Amino acid sequence: MLSKVLRVAAAAAVVTAVAVPAQAETREDGVSLAGKKVVLVNDDGVQAAKANGSDGRGLYVLRQALCRAGADVAVVGPWAQQSGKSRSVSGAPFVAVAPPLAVPAEFAADCANAPGHGLVLGVCQGTAPCVADSPSVTPADSVDIALTGVLPQRLGWTGGPDLVVSGINAGPNTDIAVNGSGTIGAATVAVERGVPAVAVSAGTQVTPPPSNDTYAAAADVVVRLLASPRTWTFARDMALVNVNQPDVQPGAGPSPVRWTSVGRVVQGRVAYTPNGDGTYQVGYNAVTPPPVLEPGSDTKALLDGYVSVSAVDVNRTYPESSTR
């Protein structure tokens, strides 16, 4: 959808890739998710009502995988679709929280036996209870509200969670597009508040949305990565970990993982075509000829069939600025 495409536009958040080797990663068991308190957020909304899964199905697939791994997962996400919002805030003077209109039945019982009993809440703007057409807060708002209001009050998490996971996003978040991503923006807020964060996206292209198999593969790789001390080293250093899962075919085995850097090319631009009456048709034009992808970049790995994993620094300071 267009809101996904608009992620390539200039954005409020600035992120910089931390240098990591671009090589295949083997599983390094050593960290258990059992008992870890995890906040799950996304930018696609919490409704998961659309048949194509673009409005939050990935969040529930990931929740299921994290719960099965023993984590205590609480969902606090945007009430409705908020793609391309980056680190922006709604500025609403009042917000309300409520369960989504209908959690898909296959996921309804997930986390029921965890201490938090599988709390799932969406956040909307206003003083009235959230209803179908309530305006949503942003992904960044959702994390702030979760950490400072909802979770201390509802679950007694006064010391904060162990981890914030943002996703699974419908479509990739690589290259310059990470600057406009609400998925990355939500993880950025967590890091700003001193909480380790992982962002995860699925699908090689923006459209069509990921298949159930691709969502499941992304959830599996997140659980595997969170068993790795290497992942937690970056997370605890307050570099958010950005995961991108390529499309998979039914029955395919796990995709190989490659640690990458965030690419620096633009693959498309937002275009505004005048209608002649003072209005403009908003569209998207792919860059032609296609850009040359940098070796070791996230997009190159994704298009080559690898899961791309990048450590991303949210510090805006140019590294050499103090020496000039």
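Residues numbered from 1 in each chain as written. Predicted model: local features only at pLDDT ≥ 70, side-chain atom pairs only at ≥ 80, totals over all residues. Heavy atoms only, no water.

Visitor: Give a detailed account of the confidence of the model for the protein, specifying residues and quantitative values.
Guide: Within the protein, residue pLDDT values average 89, and 90% of them lie at 70 or more. In this model, residues 1-14 is a region of pLDDT below 50 whose contacts with residues beyond four sequence positions or in other chains number 49 contacts. Low pLDDT, under 50, characterises residues 19-28; the stretch is placed with 25 contacts to residues that sit more than four places away or in other chains. (pLDDT = per-residue confidence, 0-100. Contact = heavy atoms within 4.5 Å.)

Visitor: Mind laying out the packing of helix 2 (residues 57-68) against helix 5 (residues 212-225), listing which residues take part and the relevant values?
Guide: The angle between the axes and the distance between the axes are what describe a pair of packed helices. Here helix 2 crosses helix 5 at 40°, and the two axes come no closer than 9 Å. Judged by the inter-axis angle, helix 2 sits oblique to helix 5. The chirality of how helix 2 crosses helix 5 is right-handed. Seen from helix 2, the contacting residues are Arg57, Gly58, Val61, Leu62, Ala65 and Leu66; seen from helix 5, they are Asn212, Tyr215, Ala216, Ala219, Val222 and Val223. (Axes fitted to C-alpha atoms, helices over the stretch in contact; angles between N-to-C directions. Helix = DSSP H or I, 4+ residues; strand = E, 2+ residues; numbered from the N terminus. Parallel < 35°, antiparallel > 145°, perpendicular 65-115°, else oblique. Left-handed = near helix turned anticlockwise from the far one by under 90°.)

Visitor: Give a description of helix 2 that names residues and reports values.
Guide: Think of an α-helix as 3.6 residues a turn; residues three or four steps apart then line up on the same face. For helix 2, which comprises 12 residues, the first-to-last C-alpha distance of 17 Å matches the rise-based estimate of 16 Å (1.5 Å per residue) to within 8%. Every buried residue belonging to helix 2 is among Arg57, Gly58, Leu59, Tyr60, Val61, Leu62, Arg63, Gln64, Ala65, Leu66 and Cys67, and all of these are buried. Looking at the buried residues of helix 2, the elements they touch are strand 2 (37-41), strand 3 (72-78), strand 5 (120-125), strand 6 (163-170), strand 7 (197-202) and helix 5. Phi turns positive, to about 100°, at glycine 70, one or two residues after helix 2. (Expected span 1.5 Å × (residues − 1). Buried < 20%, exposed > 50% of the residue type's maximum accessible area, 1.4 Å probe, protein only.)

Visitor: So what's going on with the side chain of threonine 299? Which residues, and what values?
Guide: Within the fold, threonine 299 resides in helix 7 (residues 298-303). On the accessibility criterion, threonine 299 (3% relative accessible area) is buried. When near neighbours in sequence (up to four residues on either side) are disregarded, threonine 299 contacts Thr174, Asp175, Gln267 and Leu293.

Visitor: Explain the pattern of salt bridges to me, and be specific about the residues and the numbers.
Guide: As enumerated under the stated definition, the model contains 6 salt bridges in all. Between arginine 87 and glutamate 192 there is a salt bridge, with the nearest N and O atoms lying 2.8 Å from each other. Here glutamate 192 lies in helix 4 (residues 182-192) and arginine 87 lies in the loop between strand 3 and strand 4 (95-98), a separation of 105 residues in the sequence. Judged by its relative accessible area of 48%, glutamate 192 falls in the partly exposed class. (Salt bridge = Lys/Arg side-chain N within 4 Å of Asp/Glu carboxyl O.)

Visitor: Go over helix 6 (residues 229-236) with me, naming the residues and quoting the values.
Guide: Those residues of helix 6 that sit buried are Arg230, Thr231, Trp232, Phe234 and Ala235. Among the structural elements, strand 6, helix 5, strand 8 (239-245), strand 9 (257-260) and strand 12 (307-313) are those in contact with the buried residues of helix 6. Within two residues after helix 6, methionine 238 carries a phi angle of roughly 65°, on the positive side.

Visitor: Quick one: what's the story with unusual backbone geometry, residue by residue and with numbers?
Guide: Put simply, glycine 167 and isoleucine 168 share a cis peptide bond, and its omega is 0°. Inspection of the secondary structure assignment puts isoleucine 168 in strand 6. Here threonine 288 and proline 289 are connected by a cis peptide whose omega angle stands at -5°. Structurally, proline 289 is set in the loop between strand 11 (280-286) and helix 7. The phi dihedral of alanine 48 is positive, around 50°, even though this residue is not glycine. Tracing the backbone shows alanine 48 in the loop between strand 2 and helix 2. Here methionine 238, not a glycine, exhibits a phi torsion of approximately 65°, which is positive. Assessed through its relative accessible area of 23%, methionine 238 is described here as partly exposed.

Visitor: Could you give me a rundown of the packing of aromatic side chains, with the residues and numbers involved?
Guide: Under the definition given, this model contains 2 aromatic pairs. Plain terms: the ring middles of tyrosine 60 and phenylalanine 107 are 6.0 Å apart, the flat faces sit at 25° to each other, and that makes the pair stacked. In this pair, tyrosine 60 sits in helix 2 while phenylalanine 107 sits in the loop between strand 4 and strand 5, placing the two residues 47 residues apart along the sequence. Note on accessibility: tyrosine 60 and phenylalanine 107 belong to one class, buried. Between phenylalanine 234 and tryptophan 259, the ring centres sit 5.3 Å apart and the planes meet at 35°, which makes this aromatic pair tilted. Residue phenylalanine 234 is found in helix 6, and its partner tryptophan 259 is found in strand 9; the two are separated by 25 residues along the sequence. It is lysine 36 that lies over the ring of tryptophan 232; its NZ or CZ is 4.9 Å from the centre. In this arrangement the basic side chain of arginine 258 is found over the ring face of tyrosine 306, its NZ or CZ atom lying 3.7 Å from the centre. (Phe/Tyr/Trp six-rings, centres within 6.5 Å; stacked < 30°, edge-to-face > 60°. Lys NZ or Arg CZ within 6 Å of the ring centre and 35° of its normal.)

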